[in-house]
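Listed here are the chains, written in short residue letters.
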Amino acid sequence: MADDRYVVDFPTLWIVPDWIERHCPQPDRFGRGGPFKLYETQLWWTLNHYRVKPTAVWRPENPLLGPAFYYRRSQIMGPQKIGKGPWSASICLAEGGGPTLFAGWAEAGDVYRCDDNGCGCGWVYEYELGEPKGMRWPTPLIQITATSEDQTDNIYRHVKAMIRLGPLSDLMRVGEDMVRIGLEGEIDTVTTGALSKLGNPVTFAMQDETGLYNDTNKLRKVAETQRRGAAGMGGRSMETTNPFDPAEDSVAQRTYESAAADVFRFYEPPPVNWSYRNKRERRKIHAFNYAGFPHNDIDGIDAEAAELAEKDPPQAERYYGNRLVYGAGTWLEGDRWDAREWLRLQPAGTPARVVPAGTPVVAGFDGSDTDDWSVIRLQTEDGYQFTPRYGPDRLPCIWDPAQHGGQVPRLEVRAAWDEIVDTYQLVRAYLDPPGWKTEIDELAERHGERVFVRWETYRLVQMHAAVARLHTDVTKSGTVFTHDGDQVIAVHVRNTRKLPRPGQRYVLGKPSQAQKIDGTVSSVLCNEAAGDVTAAKAWPRAQSRQVLVFR
């Protein structure tokens, strides 16, 4: 692969993209019926989805024992018109008739012959020594899922065309809403109007536009049911979507924000310092997004995006600008927050910033117990805000109750505060007290009431002013505010909405219970503490402290 962003230094089923280009002809446009050649980005998606663990062991008696693939499922997120439909169709066909199951490691002279696998095209693939081998599913059941029949047709019509125009017609029979594969396999479509199809032993699920799947249209349940069915069969799934609206708590958003390491996620947004509102920079954004997809007409995309932006700018920026942006009610645009990441503002090659021990800092803390998260943020005198780490494993001071048996580990939070006090000069900490009054009182008694201060976020006037201060400090011209680029905080900032209150004021809220904003609130309190300390001229000089590092 020529693009230096995509280096394949891992074992994978190279046979799959080769099989696709041999068996799946171009389904439409002027090249209809001609060779279907994957773009380098599409090849990257494919090779990652079929990436094999170096430790994979093939058991001929049951090839599904012990997951062989590095990723359990994949998510491909990108702008409209990059060819996700035809590529998705080719993956579905490969899952139906191609060598997509791991079949051991190649020895000298090993080959794959279509004649031995139900396809009479005569194609032969010669493996390299030690390369992962592939085999067909004996009874594949593939489901193409979308919000409506018209949406599933974005993939299924390409499936039908590729079969009719190429050699797969020997193996597959095309119907209006189903493809028969051999005697027992099939490729089927699923929408909310066909929920009776769920529960079948799915070997692969292609879930299209998961940014539109939510509880309201019942497609979250569909997606989760399919994934469970595939897992039970040793199968896998894939999502394709445009950038989602972070206010809608979609399936795509949950996948993107999940901490699961066995999900391949592809999302390459344009540089955050390019403004979609600026006509010239909007064209640069489009050129960036569609650089790897030469079938697109940038002039046409510019015109369509400009017209859509007249009525719905966030939708235009999501669909063509390839950015995660909210609709109305957003507190702070995510790209504005991202643009203040300290490392982004430094010359290339600059290492990540490390705040030395003994540095004066202030803190903000939004604490919870069993549902919302608890987060500590620190900020230096020069406006650098960061998430501190604690303990021998240097864990971030962010606690999700779901990862701790359903309850925030208060002893760990207390240990983190003690370490912060011992490491830095903690000048002032603003802590939201509900549920944490006892702990705050204990910290104040031990370290000083002027250091650990209760700061009630329910106070409308004070909270509105603190929220407005951070917004201004992030967005104003010539600001010195920077941050560490913590991805959890970035997600929480994107989740944060403005809730109007009397007197032309507002407070912060979340779009849904599942979308947390505690990192935003902690950042607001931290920045407020920094502003108050600056106003009081109370920043001390840095002190040199010895820090013990346990290895």
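Residues numbered from 1 in each chain as written. Predicted model: local features only at pLDDT ≥ 70, side-chain atom pairs only at ≥ 80, totals over all residues. Heavy atoms only, no water.

The subject of this paragraph is the sheet that holds strand E7 (residues 172-174). Backbone hydrogen bonds are what pair the strands of a sheet, in a parallel or an antiparallel way. Spatially, 8 strands are ordered E7-E8-E9-E6-E10-E11-E1-E12 in an open sheet, and the strand pairing comes out mixed. Each end of this open sheet is capped by a strand with a single partner; those strands are E7 and strand E12 (263-266). On average, each strand axis in the sheet is inclined to that of its neighbour by 15 degrees, with strand direction left out of account. With 4 bridges joining them, strand E8 (residues 178-181) and strand E9 (residues 185-190) adopt antiparallel strand pairing. Looking at the pairing, Val-179 lines up with Ile-187 of E9. (Pairing = 2+ DSSP bridges. Helix = DSSP H or I, 4+ residues; strand = E, 2+ residues; numbered from the N terminus. Axes fitted to C-alpha atoms, helices over the stretch in contact; angles between N-to-C directions.)

The final tally for this structure, using the stated rule, is 0 disulfides. Lacking any disulfide linkage, Cys-114 is separated from the closest cysteine sulfur, that of Cys-121, by 3.7 Å. Cys-526 takes part in no disulfide bond, and the closest cysteine sulfur, belonging to Cys-397, lies 12 Å away. (Disulfide = S-S within 2.5 Å.)

Counting across every chain of the model gives 26 aromatic pairs. Ring centres of Phe-365 and Trp-417 lie 5.9 Å apart, and the angle between their planes is 75 degrees; on these two criteria the pair is classed as edge-to-face. Pair noted here: Phe-365 is in strand E13 (residues 360-366) and Trp-417 is in helix H11 (residues 410-423), with a separation of 52 residues, a long-range link. Looking at Phe-365, the relative accessible area reads 1%, which means it is buried. Of the aromatic side chains, those joined through ring pairs into one cluster are Tyr-6, Phe-10, Tyr-39, Trp-44, Trp-45, Trp-87, Phe-266 and Phe-293. Above the plane of the ring of Tyr-276 lies Arg-282, whose end atom (NZ or CZ) is 5.8 Å from the centre. (Phe/Tyr/Trp six-rings, centres within 6.5 Å; stacked < 30°, edge-to-face > 60°. Buried < 20%, exposed > 50% of the residue type's maximum accessible area, 1.4 Å probe, protein only. Lys NZ or Arg CZ within 6 Å of the ring centre and 35° of its normal.)

Further remarks concern unusual backbone geometry. Residue Arg-29 is not a glycine yet carries a positive backbone phi of 65 degrees. Within the secondary structure layout, Arg-29 lies in the loop between helix H1 (15-23) and helix H2 (40-49). In this structure, Arg-394 takes a positive phi of about 50 degrees despite not being glycine. Within the fold, Arg-394 resides in the loop between strand E16 (389-390) and strand E17 (395-396). The exposure class assigned to Arg-394 is partly exposed, which follows from its relative accessible area of 39%.

The next subject is the pattern of salt bridges. Going through the model one piece at a time under the given rule, you end up with 33 salt bridges. With its nearest N and O atoms 3.1 Å apart, the salt bridge here joins Lys-516 to Asp-372. Of this pair, Lys-516 sits in the loop between strand E23 (505-509) and helix H15 (518-535) while Asp-372 sits in the loop between E13 and strand E14 (374-380), placing them 144 residues apart in sequence. Assessed through its relative accessible area of 8%, Lys-516 is described here as buried. Taken together, the salt bridges that share partners define one network made up of Asp-215, Arg-220, Asp-249 and Arg-254. (Salt bridge = Lys/Arg side-chain N within 4 Å of Asp/Glu carboxyl O.)

To continue, consider the packing of H2 against helix H3 (residues 84-97). Interhelical geometry of H2 versus H3 gives an angle of 35 degrees and a closest axis separation of 11 Å. Helix-helix and strand crossings are classified by hand; for H2 and H3 the assignment is right-handed. Contacts between H2 and H3 involve Gln-42, Trp-45 and Thr-46 from the first element and Lys-84, Trp-87 and Ile-91 from the second. Taken together, the residues that form the contact of H2 with H3 break down as 3 nonpolar, 2 polar and 1 charged. (Left-handed = near helix turned anticlockwise from the far one by under 90°. Contact = heavy atoms within 4.5 Å. Nonpolar A, V, L, I, M, F, W, Y, C, P; charged D, E, K, R; others polar.)

Counted at 1.5 Å a residue, the expected span for helix H4 (residues 149-165) with its 17 residues is 24 Å, and the 23 Å between its end C-alpha atoms agrees. In the structure, H4 departs most strongly from a straight axis at Ile-155, where the bend amounts to approximately 40 degrees. Those residues of H4 not exposed but buried are Gln-151, Thr-152, Ile-155, Tyr-156, His-158, Val-159, Lys-160, Ala-161, Met-162 and Ile-163. (Expected span 1.5 Å × (residues − 1). Bend = angle between axes of the 7 residues up to and from the residue.)

In this model helix H13 (residues 460-475) runs 22 Å from its N-terminal to its C-terminal C-alpha over 16 residues, within 8% of the 22 Å that 1.5 Å per residue would give. Among the residues of H13, those classed as buried are Met-463, His-464, Ala-466, Val-467, Leu-470, Asp-473 and Val-474. Buried residues belonging to H13 abut helix H10 (334-338), E23 and H15.

Further remarks concern the packing of helix H7 (residues 279-289) against helix H8 (residues 298-311). As a packed pair, H7 and H8 sit with axes 10 Å apart at the nearest point and diverge in direction by 125 degrees. Here H7 lies oblique to H8, going by the angle between them. The hand of the H7/H8 crossing is right-handed. Each of Arg-282, Arg-283, His-286 and Ala-287 in H7 lies in contact with H8, whose residues at this interface are Ile-298, Asp-299, Ile-301, Asp-302, Ala-305 and Ala-306. (Parallel < 35°, antiparallel > 145°, perpendicular 65-115°, else oblique.)

This next bit is on the side chain of Thr-191. Note on placement: Thr-191 falls in the loop between E9 and strand E10 (204-208). Those residues in contact with Thr-191 that lie beyond four places of it in its chain are Ala-146, Thr-147, Ser-148, Glu-149 and Thr-152.

The subject of this paragraph is the confidence of the model for the chain. Counting all residues, the mean pLDDT for the chain is 90, and 96% of those residues have values of 70 or more. Contacts for the low-pLDDT stretch residues 546-551, under 50 throughout, to residues beyond four places or in other chains number 2 contacts. (pLDDT = per-residue confidence, 0-100.)

Within the largest apolar cluster, 66 residues are counted, with the highest numbers of intra-cluster contacts made by Trp-19, Ile-20, Leu-93 and Val-159. No other element matches H3, which puts 6 residues into this core. When sequence neighbours within four positions are dropped, the list of residues in contact with Trp-19 reads Cys-24, Leu-93, Ala-94, Gly-97, Gly-98, Pro-99, Tyr-112, Cys-114, Trp-123 and Leu-168. Val-474, Ala-490, Ile-517 and Leu-525 belong to the second largest nonpolar core, which has 30 residues in total. (Core = buried A, V, L, I, M, F, W, Y, C linked by side-chain atoms within 4.5 Å.)

Along the polypeptide, Thr-479 turns up in the loop between H13 and strand E21 (482-483). Considered as a pair, Thr-479 and Met-238 are 241 residues apart in the sequence and their alpha carbons are 42 Å apart. Those residues in contact with Thr-479 that lie beyond four places of it in its chain are Arg-340, Asp-473 and Val-474.

A few words on the pairing of E14. Within E14, 7 of the 7 residues are buried, which leaves it mostly tucked inside the rest of the structure. Burial along E14 is two-sided: the face carrying Ser-374, Ile-376, Leu-378 and Thr-380 and the face carrying Val-375, Arg-377 and Gln-379 are both buried. When E14 meets strand E18 (residues 398-399), the two strands line up antiparallel, connected through 2 bridges. Considered in E18, the bridge of Val-375 is made with Ile-398. Both E14 and strand E15 (residues 384-386) contribute to a ladder of 2 bridges, which runs antiparallel. Residue Leu-378 lies in a different strand from E15, and its bridge partner there is Phe-386.

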